[in-house]
Amino acid sequence: MIDRRKFLGTVALGTASAAFLAACGQSSSPAQTGSAEKPVTLNYSWWGNDDRAERTRKAIALFESKNPDIKVAGNFTDFGGYWPKRATEAAGGGLPDVMQFDLSYLRDYGQRNQLLDLGTVKINTDAFDKSLLPSGQIRGKTYGIPTSTNTFAVYYDPAKLASLGIAEPDGTWNYKEFNAFLAEVGAKGNGTLFGSSDYTGVWWMFNIWLRQNNIQAFTEDGKLGFSKDDLKKWWNLTADLRGTGAIISEERVTQLLPKSPFASNSTVAEVNWDNFMAGYLSDSGAKELKLVPVPSDDPDNLGLFLKPTMLMSASAKTKYKDQAGRFIDFMVNDPEVGQIFKTSRGLPASKTQRDGTTFEGTDKLVVDYGASVEKYLKDAPEPPIVGFGTLEASFKRVASDVNYGKLTVDGAVDTWFKEAEDLIKQNA
Amino acid sequence: MTQSPTLSRRSASAPAQPRKSRRRGADARAGYTFLLPWLLGFIALTVGPMISSLYLSFTNYNLFDAPKWIGFDNYVSLFQDERFLQSVGVTMQYVVFGTPLKLAAALAIAMLLNSKRKGQGFYRSAFYAPSLIGASVSIAIVWKAMFGDSGPVDQGLSFFGINLGGWVGNPNMTMGMMILLTVWQFGAPMVIFLAGLKQIPADLYEAASMDGAGPVRKFMNITWPMLSPVIFFNLLMETIHAFQIFASAYIISNGEGGPAGSTLFYTLYLYLRGFSDFRMGYASAMAWLLVIVVGIITLIFFKTSKSWVHYSGDAK
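Residues numbered from 1 in each chain as written. Chains lettered and ligands numbered in written order. Predicted model: local features only at pLDDT ≥ 70, side-chain atom pairs only at ≥ 80, totals over all residues.

Caption draft 1: Structural view of the domain arrangement of chain A. Residue and element names in this part refer to chain A. In terms of domain boundaries, chain A breaks down into domain 1 (4-149 + 308-358) and domain 2 (152-305 + 382-426). If you look at the interface, domain 1 gives 21 residues, while domain 2 gives 16 residues. Put simply, the parts of the chain that give the side of domain 1 that touches domain 2 at least two residues each are α2 (50-66) and α4 (103-110). (Domains from an automatic or database assignment. Contact = placed C-beta atoms within 7 Å. Helix = DSSP H or I, 4+ residues; strand = E, 2+ residues; numbered from the N terminus.)

Okay, structure coming up:
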């Protein structure tokens, strides 16, 4: 492992010195600016699926045509593989110039001085909702600009429901009713079609449930804000559904990876962020998918909030700060970029971009959903703690062990709490 | 003049020698010069990182901040970490079952390919082929598809009335799948076995046939003892390789060691600790523990080898 780290370090050093030598060679023009004849190349890394790959390719082409002095070399993986790669690069000092970033990892990198303070470059944030920008800021420095916002929802496939003869849900439901809905799908699905994957394994759904019960997930000083009993209650919500057709078996979920069961047409419903619509449609090939609010036992408090879907960040060590700033500004503000991505990144955060985008068909569904739950939206939760990405992953893993029958709910709660407390102590 | 009376005396008695040793010195210099690129690489890319990882294993290091010295804490907490213990169990299972099976397959096929038959050259290449591509990412992906739900393996077994479903998602089947994957890559030890088999004098078998020995007897009393140094070599190498399994497990489990931790091999957990959880010190401690354990196992192999490995020229 260390070999690789050193190796990357060496490679980075080699590349850097090569670039340095190259820069020395052309003493007539400064190294930091490109021209149409000699454009500088920005490395841009992002996560996503094929759908986003195509949209990103178009956006980059557009940027390059408008900025002939900059070339953008894109590079993408899925979300899971994205972070180990960035960690390796960060250790070697070679983070890409510009990166797509997630709230879960912003502290890990920002607090450790790996990211460029975007306050030092020219990015226009006039068109942003002022309550949204702090989510990309840590200790007064801006490490990420939100591209867009999303909120949580229950997805369902109306065609599949119709084929089972089940009425479409209207989204005013409590957990008991939601479970009953999944159970009905399971009963009629006959072992080929299932309700959904176990929604209690999704961290953000748990977070929303906590908010519905007026519990904070994390305290101000970065500790857990909920108790073992809370988590026990949560994981027991689907205790009766596990092993039935209401919840797709973990064996199948694993087989279908990296696609989710919903995206591979194995389930009728799934809880997720509302910007997954485009990805789900392209992965599943379904004609139409619909969105309804998450269940809540308190009809006045759905626990929902707007979260930055993703942020644009730059490496603290980039040699092309201004160009990185221009690219980020373009990606978050340009109306044509909005037209390219539609709602696949969520609703554009910049009003300029939002107003310049026409939403039709399924994209309109996403926008309408956002509007329909607007009155329930509360402040976004505190920026997650350092190491949150690890916690989120272990939450999913431990919940999946419960579905495999390898752990009881009580055992799972103990396991997760031990890991979480260990991690919090580690990063304190 | 005072420094080397021996030298001058020797030069007096044997005038040819200094020239020879000077030439030897030049040879050595040339040798080291040619070795230099490798030596530099070895020191910079292997020895250096190993020393730094030894240091890091005693620290709390998150890749970004300077390492903090914490003594043996990493090593102590390893043994309180359930996932670590799970990874040890998974890896041991793989080594203990996978390695002997792989060697048995390699030996059996080597013996088949050793007989004189038409087109043996073709068969040898054909059987070696999987090992050429076996360690690659693409094969792990193919393997995953083959053992998935409704994959060829599932369908093939269903044809015989065995309904196991997909293996990839079933924690009870993944180990079997991983072991099959390694057994299938028997090529490297097979080639070495084949070379060993060719060294056994044919008259030993002829003499045994004359005395009326059957194939089992011949195998037990001629092939096995004559081949034992080669078997020992293969056993040692394959055991060490088995401890290092990473790429195929990483691909098949999407880098998570799932389902339910059933493919959480030691090196995979080490990787996750280091690069997903940013606990490089902990991962370094794991790496060094692995080095020590593999070292001890190698030592045990060498100690026990005296009782069953026969080298030609041995008194026994």
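Caption draft 2: Up close: the sheet that holds strand β9 (residues 290-292) of chain A. All names here are of chain A. On the basis of which strands lie adjacent, the open sheet formed by three strands has the order β8-β7-β9 and antiparallel pairing. With one partner strand each, in any of the chains shown, β8 (269-273) and β9 form the two edges of the open sheet. Recorded for the sheet is a direction-independent mean angle of 35° between the axes of neighbouring strands. Of the pairings in the sheet, the one linking strand β7 (residues 152-156) to β9 comprises three bridges and is antiparallel in character. Its bridge partner being in β9, Y156 is matched across the sheet by K290. (Pairing = 2+ DSSP bridges. Axes fitted to C-alpha atoms, helices over the stretch in contact; angles between N-to-C directions.)

Caption draft 3: Highlighting the environment of I166 of chain A. Within the element layout of this structure, I166 of chain A appears in the loop between α5 (158-164) and α6 (175-189). Along the sequence, I166 of chain A and K188 of chain A sit 22 residues apart, while their C-alpha atoms lie 8.8 Å from each other.

Caption draft 4: Region of the structure containing the interface of chain A and chain B. Facing the 30 residues of chain A at the interface are 34 residues of chain B. Mapped by element, the contributors of at least two residues to the side of chain A that touches chain B are α1 (2-25), α3 (79-91), α9 (250-256) and α15 (388-403) of chain A. Tallied by class, the residues present in the side of chain A that touches chain B amount to 11 nonpolar, nine polar and 10 charged. (Nonpolar A, V, L, I, M, F, W, Y, C, P; charged D, E, K, R; others polar.)

Caption draft 5: Quick look at the domain arrangement of chain B. All names here are of chain B. Segmenting chain B into domains produces domain 1 (27-69) and domain 2 (75-306). Taken over C-alpha atoms, the centre of domain 1 sits 30 Å from the centre of domain 2. With 10 residues of domain 1 in contact, the opposing surface of domain 2 contributes eight residues. Contributions of two or more residues to the side of domain 1 that touches domain 2 are made by α2 (16-56) and β1 (59-60). Here the side of domain 1 that touches domain 2 takes three residues from α2, the largest share from any one element.

Caption draft 6: Just the nonpolar core, in detail. Membership of the largest hydrophobic core comes to 82 residues, with the highest contact counts inside it found for V98, F327 and I328 of chain A. Looking at this core element by element, the count peaks at seven residues for helix α13 (residues 266-276) of chain B. For V98 of chain A, the contacting residues outside a window of four places in its chain are L42, Y44, M312, A314, A324, F327 and I328 of chain A. With 64 residues, the next largest nonpolar core counts F194, M205, Y369 and V373 of chain A among its residues. (Core = buried A, V, L, I, M, F, W, Y, C linked by C-beta atoms within 7 Å. Buried ≥ 20, exposed ≤ 12 C-beta atoms within 10 Å, placed from the backbone.)

Caption draft 7: Structural detail: helix α6 (residues 137-146) of chain B. Residue and element names in this part refer to chain B. Looking at α6, one finds that the buried residues are A140, W143 and K144. Buried residues of α6, viewed axially, fall in a sector of 100°; they line one side. Exposed residues pointing more than 90 degrees away from the buried face of α6 are listed as S138 and A145. Where α6 is buried, its residues contact α8 (174-184) and α12 (247-252). (Arc of directions from axis to C-beta.)

Caption draft 8: Main features of the packing of helix α9 (residues 187-199) of chain B against helix α11 (residues 215-243) of chain B. Residues and elements named next belong to chain B. Packing of α9 against α11 brings their axes to within 9 Å, and their N-to-C directions diverge by 170°. As the angle between them shows, α9 and α11 are arranged roughly antiparallel. Taken together, the residues of α11 that come into contact with α9 (itself represented by P189, I192, F193, G196 and L197) are L227, V230, F233, N234 and E238. Broken down by class, the residue content of the contact of α9 with α11 amounts to seven nonpolar, two polar and one charged. (Parallel < 35°, antiparallel > 145°, perpendicular 65-115°, else oblique.)

Caption draft 9: Layout of the pairing of strand β1 (residues 40-47) of chain A. All names here are of chain A. Sheet analysis places β1 next to strand β2 (residues 70-77), joined by eight bridges and oriented parallel. The partner of W46 across the bridge, within β2, is F76. Taken together, β1, α2 and β2 constitute a β-α-β crossover, and its handedness is right-handed. Sheet topology places β1 next to strand β3 (residues 98-101); two bridges connect them, and they run parallel. Opposite Y44, over in β3, you have V98 as the bridge partner. (Right-handed = clockwise from strand over helix to strand, strands pointing away.)

Caption draft 10: Summary view of the sheet that holds β1 of chain A. All names here are of chain A. Taking strand neighbours across the sheet as the criterion, the six strands line up as β2-β1-β3-β10-β6-β11 in an open arrangement whose pairing is mixed. Looking at strand neighbours, the two that pair on one side only are β2 and β11 (347-348), the edges of this open sheet. Sheet contacts for α2: β1 and β2; angle to β2, the most-contacted strand, approximately 170°.

Caption draft 11: Looking closely at the environment of W184 of chain B. Residue position: W184 of chain B is located in helix α8. With 56 residues separating them in the primary sequence, W184 of chain B and Y128 of chain B have C-alpha atoms 9.9 Å apart.

Caption draft 12: Seen up close, the UniProt feature "transmembrane region" (unreviewed entry) in chain B. Residues and elements named next belong to chain B. If you check UniProt for "transmembrane region" (unreviewed entry), the listed places come out as residues 30-58, 94-113, 125-143, 175-197, 227-252 and 280-302 in our numbering. Overall, residues 175-197 shows 91% helix and 0% strand. The separation of its end C-alpha atoms is 32 Å. Secondary structure across residues 227-252 comprises 88% helix and 0% strand; the distance between its end C-alpha atoms is 36 Å. (UniProt positions renumbered as here; feature names shortened; annotations may be inferred.)

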